[in-house]
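So the chains spell out like this:
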Amino acid sequence: MKKYFLLLLLISSSIFAQESIDINQLNWLPNSHSFWVNSQGNVVVYDVDKLNQNKTILTQEQLQKSGFTGEIEQLVWNQNKTKVLVYTNSKKVWRANTKGDYWFFDLATGKGKQLGTSLEKSSLMFAKFSNDNENVAYVSQHNIYLESLTTGKITPLTTDGTDKIINGTFDWVYEEELAARDGFRWSPDGKSISFWRVDASKTKFHLMINNTDALYPFTVPVEYPKAGEKPSSVKIGVIDMTSLKTNWLNIPGEPDNNYLVRMEWTNNQNVMVVQLNRLQNQASIYTCDAKSGAANLIYQEKSESWIDVFDISSGEYDVFPCQFVDNGKAFLWSSDADGWMHVYKISADGKKKELITTENFDAYYKAYNQETQSIYYIASPTDATQRYLYETNLNTKKTKRITPKEFEGTNRYRFSTDGKYAKHTNSSINRDFNTRLVALPSHKKIFPLTPDSFSAPDRNYSLEKFKVTTVDGIEMDGIMAKPLNFDPNKKYPVFFYVYGEPMASVANDEPDFYPYIAYLIPEGYIGIAMDNRGTPVLKGTKWRKSIYKNIGIVNTRDQAMAAKEVLKWKFIDNDRVAIHGWSGGGAVTLNLMFQYPEIYKTGIAVAAVTDQHFYDNIYTERYMGLPSENEATYIKASPVTHAKNLQGNLLYIHGTGDDNVHYKNAEVLINELVKYDKMFDLMIYPNRSHGIYEGEGTSKHLADTFMKYIRENSPPGAK
């Protein structure tokens, strides 16, 4: 009886240990399938193979004894996972909180201390251990520093950092358009550091004006190269840790007319660099000798439009696009040059190129399991609104779908660093988000122990998918939201949500519609979201790149022609047609309101690019070419060109502190509408950024303003 009781206790304790895991907090450790979670201020580590066991490697008490203040925001591990850096007290740089404070902890002793104490508070960025665990390097105020973990001595590795000279991180445009934040790398032996140096001294400032935070207004400068302006000059240096001397890599091409997109050490001697030319239609891969600086071109690819070095819509930063395989004798590279995004294997010398994913559908690379030589990627062979995990073996080329059939819809995976496990999230318009840990390639569920839940989303409207074919023969996917009491014999106002550019899709098989519009659906609206050509859906190269040099033209027409098909439906009231978009979607909204006033009666555009010349060079030139070579299209594609055609109700919204799409866009548009005596409504939010969320009451005010305008100008309810 006693043994039975102990067995029950052991089993129940095991179950409790697993069920107490907050899977949404999961953070994978390096080179393993262990993960850590923050459990009430304690750092707890789990091994996926032994979820009934866990180890608290850092306690609240240990943190407090070290003088640690703040929240555990991120951990940085050394390679053998015996030491850790705790990141806290972070502050926003551009889009994210990438500067803050770091505390070092030796997990064997539990003792810790703050790093960089002689530097400005909350100024440290991207701290990383050397491979010998003796030092940590980090960036502060655009210089790279080395700190000895034994003596605490801080040594500057660069000394020329200023507002315009940026070492070890990037300027605004590299982060925004090339997903580059972390700007330095340790060599495998810890004897060198390679780093980016950005010279923005010739890049002009865009001056934002702050009128509210002081007695007198003051300017807020942002380095911002606009379309047609040369990029900042960028080069890569290698610092020798013994001599502290910097050797510069001799990569061909003018440093202010090319982009050094990615960089990684291949061994202790060589650095691999991926370069894009200014037009971003030629990618070159170099292996560079860290000592001599010599750069050897091993692979080059050209395109008639542009080249995506990484998945621009993934939201991931600093990911190196070349996965080394065959013990470093080859690497994986993704390209859509043959009409589909495919994975290739390229020999280290660049002389051999082999197609790995051979199916006629897009394959977006996600992970690699070295032991099984399995390549994992996301694909949508039959429905571009959905996402599924596929596997192709590097040797056999056998391809199979890994996501089981019962997980219809959108599937996202966050892989362990060894590619053996993943956090899997499934959802669709018919089921809510459901997250689990799975083993690969079997897709066997590891956690939680409870059965999978396929519950319907908790919402007060319904969703369904549809397709329309335009007069131009373009078939577009769409998502439609309806009120629960929908009556097909009555007519409803329709509210279109648009984005329409290469950075995002909107017709996705997911449980919720766009929030602001979703709030209104139950009152008696039909919500519609459709993806035009040029959006990053998995429909092949031709679909995605047909927008080349035609942003604002192809996407605008596709949306308008698709809307005309929707307006043929008997339950749509053609007199109550509203549209909304933000950022690129704001530009599409304006173009549709101005160019197709017979369709769209009411529009809300937020933070829109009103003139193609005003946005940054990397994004705009990637998709539109240089203004000097495509000026007529730049003018035709710009909403401000067509503002004189406004007939309906327009609400324009912008934040004056927007460092992405500058408030200048609003004022130029306002001038044009005034010039032609066009009546419109305007809501300006002082010092708010592109997301318009800062400041007490802002989000509620924006939502209330949004919904009030629609209710008044496109009244709800069936007729």
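Reading guide: rules and limits
Residues numbered from 1 in each chain as written. Predicted model: local features only at pLDDT ≥ 70, side-chain atom pairs only at ≥ 80, totals over all residues. Heavy atoms only, no water. Helix = DSSP H or I, 4+ residues; strand = E, 2+ residues; numbered from the N terminus. Rg over C-alpha atoms; globule rule 2.2 N^0.38 Å. Buried < 20%, exposed > 50% of the residue type's maximum accessible area, 1.4 Å probe, protein only. Contact = heavy atoms within 4.5 Å. Areas by Shrake-Rupley, 256 points an atom, 1.4 Å probe, with all protein chains shown as cover. Lys, Arg positive; Asp, Glu negative; His and termini not counted. Charge placed at Lys NZ, Arg CZ, Asp CG, Glu CD. Domains from an automatic or database assignment. Buried area = accessible area lost by both parts, 1.4 Å probe. Salt bridge = Lys/Arg side-chain N within 4 Å of Asp/Glu carboxyl O. Polar contact = N/O pair within 3.5 Å; in protein donor to acceptor, adjacent residues only side chain to side chain. Expected span 1.5 Å × (residues − 1). Pairing = 2+ DSSP bridges. Axes fitted to C-alpha atoms, helices over the stretch in contact; angles between N-to-C directions. UniProt positions renumbered as here; feature names shortened; annotations may be inferred.

1. As for the overall build of the protein
Summing up its helical and strand segments, the protein has eleven helices and 43 strands in all. Its C-alpha atoms give the protein a radius of gyration of 27 Å, within 12% of the compact-globule value 27 Å for 719 residues. C-alpha extents for the protein along the principal axes are approximately 75 × 70 × 60 Å. Per-residue burial over the protein gives 58% buried out of 719 residues. Contacts spanning at least 24 positions in sequence make up 59% of the contacts within the protein whose residues lie at least 6 apart. Counting every atom, the protein has about 30,300 Å² of accessible surface; 49% of that belongs to carbon and sulfur. Put simply, the protein has 80 plus and 83 minus side-chain charges, and the middle of one group is 3 Å from the middle of the other.

2. Examining the domain arrangement of the protein
Taken domain by domain, the protein consists of domain 1 (1-151), domain 2 (157-310), domain 3 (321-457) and domain 4 (461-713). Taken together, the contact between domain 2 and domain 4 spans 32 residues of the former and 29 residues of the latter. A buried area of about 2,500 Å², summed over both sides, lies between domain 2 and domain 4, and 54% of it is on carbon and sulfur atoms. When residues of domain 2 are sorted by the area they lose upon contact with domain 4, E177, A227 and W306 head the list and together hold 28% of the total. At the boundary of domain 2 and domain 4, one finds one salt bridge. Here R278 makes a salt bridge to E621, at a shortest N to O gap of 2.9 Å. Counting the contacts that link domain 2 with domain 4 gives 16 residue pairs in polar contact (both at pLDDT 80 or more).

3. Structural notes on unusual backbone geometry
Here L440 and P441 are connected by a cis peptide whose omega angle stands at 10°. Note that P441 resides in the loop between β34 (431-439) and β35 (444-447). A cis amide bond, omega 0°, links F447 with the succeeding residue P448. By the element assignment, P448 lies in the loop between β35 and β36 (461-469).

4. Digging into helix α6 (residues 554-566)
In this model, α6 (13 residues) spans 19 Å end to end at C-alpha, consistent with the 18 Å of a helix rising 1.5 Å per residue. Residues of α6 that are buried: V554, N555, T556, D558, Q559, A560, M561, A562, A563, E565 and V566. Buried residues belonging to α6 abut β36, β37 (475-483), β38 (492-497), β39 (526-530), β40 (572-582) and α7 (584-595).

5. What to know about the pattern of salt bridges
A side chain of one charge can pair with a side chain of the opposite charge if their charged atoms are brought near each other. Inspection of every chain in the model, using the stated rule, returns 36 salt bridges. Two residues, K345 and E354, come together in a salt bridge whose shortest N-O distance is 4.0 Å. Accessibility expressed as a relative area gives 16% for K345, which makes it buried. Looking at E354, the relative accessible area reads 30%, which means it is partly exposed. Salt bridges sharing partners connect three or more residues here, namely K128, D182, R185 and E264.

6. As for the sheet that holds strand β32 (residues 410-415)
One open sheet accounts for four strands, arranged β32-β33-β34-β35; its pairing is antiparallel. In the strand order of this sheet, the two ends are held by β32 and β35, each with one partner. Each adjacent strand pair in this sheet contributes to an overall mean axis angle of 40°, direction not counted. Strand direction decides the pairing type here: β34 and β35, joined by three bridges, are antiparallel. Counted as the bridge partner of A439 is K444 from β35.

7. Points about the side chain of T705
Along the chain, the position of T705 falls in helix α11 (residues 698-713). Beyond its immediate sequence surroundings of up to four residues, T705 is in contact with L651, M683 and Y685.

8. Structural notes on the UniProt feature "domain: Peptidase S9 prolyl oligopeptidase catalytic" (unreviewed entry) in the protein
When the UniProt feature table is mapped onto this chain numbering, "domain: Peptidase S9 prolyl oligopeptidase catalytic" (unreviewed entry) sits at residues 517-712. The span residues 517-712 is 39% helix and 17% strand, and its two end C-alpha atoms sit 15 Å from each other.

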